[in-house]
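Structural overview for review
Below are the chains, spelled out letter by letter.
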Amino acid sequence: QVELVESEGGSVQSGGSLRLSCAISGSRFKSYNPYCVGWFRQRPGKEREAVARIDRDGFTRYSDSVKGRFTISQDDTKTSLYLQMNNLKEDDTAKYFCASGEPGLWCHDRFLEIYFGYWGQGTQVTVST
């Protein structure tokens, strides 16, 4: 079992920045951190899409649409996940979700929604011009 809770999003002007947080907790017989966690988003009228992920060793992967603008990170205990979003665009307007793979399993070579079984409730980010 893994539980995730996103911080509240917000509204920002195009070109601005915003930082999202996600509190992660998980346990089986003993609590431990997931090996693969990440962020997804769902833009208006579109399907949910991958944004960024990070594994237990700190290796990251980004979608082409956010690469160079967004940064995913974790704290030292791996219980907090962050998404720093810079140079935001109107197309970044979406509901953002943090998600986790199965504890003990490393990230798949493909970054797909089906490999993440645990999800937060989502938080809205709106970018205007």
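This one's a predicted model, so the numbers in the text were calculated from it and none came from an experiment. (Residues numbered from 1 in each chain as written. Predicted model: local features only at pLDDT ≥ 70, side-chain atom pairs only at ≥ 80, totals over all residues. Heavy atoms only, no water.)

All right, on to the pairing of strand β11 (residues 123-128) then. Residues of β11 alternate between two faces, with Thr 123, Val 125 and Val 127 buried on one and Gln 124, Thr 126 and Ser 128 left unburied on the opposite face. Bridging between strand β2 (residues 10-13) and β11 involves four bridges; their strand directions are parallel. When the bridges of β11 are listed, Ser 11 appears paired with Thr 126. Two elements, strand β9 (residues 94-100) and β11, share three bridges in a ladder whose sense is antiparallel. Bridging across to β11, Lys 95 finds its partner in Gln 124. (Buried < 20%, exposed > 50% of the residue type's maximum accessible area, 1.4 Å probe, protein only. Helix = DSSP H or I, 4+ residues; strand = E, 2+ residues; numbered from the N terminus. Pairing = 2+ DSSP bridges.)

This brings us to the state of the cysteines. Enumeration over the complete set of coordinates arrives at two disulfides. The residue that forms a disulfide with Cys 22 is Cys 98, at a sulfur-sulfur distance of 2.1 Å. Its torsion about the S-S bond being 65°, the disulfide of Cys 22 and Cys 98 is classed as right-handed. Taken together, the residues span a long stretch of sequence, with Cys 22 in strand β3 (residues 18-26) and Cys 98 in strand β9 at a distance of 76 residues. The two residues Cys 22 and Cys 98 agree in class, both being buried. Along the chain, the cysteines that take part in disulfide bonds pair up as 1-3, 2-4, counted in sequence order. (Disulfide = S-S within 2.5 Å.)

Attention shifts here to unusual backbone geometry. At Lys 78, a position not held by glycine, the phi torsion is positive, near 65°. Within the secondary structure layout, Lys 78 lies in the loop between β7 (70-74) and β8 (80-85). The phi dihedral of Asn 87 falls on the positive side, at around 50°, and the residue is not glycine. Checked against the element boundaries, Asn 87 lands in the loop between β8 and β9.

Moving on to the sheet that holds β3. If you trace the four strands from one edge of the open sheet to the other, you get β1-β3-β8-β7, paired in antiparallel fashion. If you trace the sheet from one side to the other, it starts and ends with β1 (2-6) and β7, each paired once. Looking at each pair of strands side by side, their axes are set apart by 20° on average, direction ignored. (Axes fitted to C-alpha atoms, helices over the stretch in contact; angles between N-to-C directions.)

Averaged over all residues, the pLDDT of the chain equals 92, while 95% of them reach at least 70. The least confident element of the chain, judged by mean pLDDT, is β1 at 92; the most confident is β11 at 98. (pLDDT = per-residue confidence, 0-100.)

Trp 39, Val 51, Phe 70, Leu 81, Leu 83, Met 85 and Tyr 96 are the most contacted members of the largest nonpolar core, which totals 25 residues. Contributions of two or more residues to this core are made by β1, β3, β4 (36-42), β5 (49-55), β7, β8, β9 and β11. A total of four residues in this core trace back to one element, the largest contributor, which is β3. One finds Phe 40, Ala 99, Phe 111 and Phe 116 within the second-largest nonpolar core, a separate group that totals six residues. (Core = buried A, V, L, I, M, F, W, Y, C linked by side-chain atoms within 4.5 Å.)

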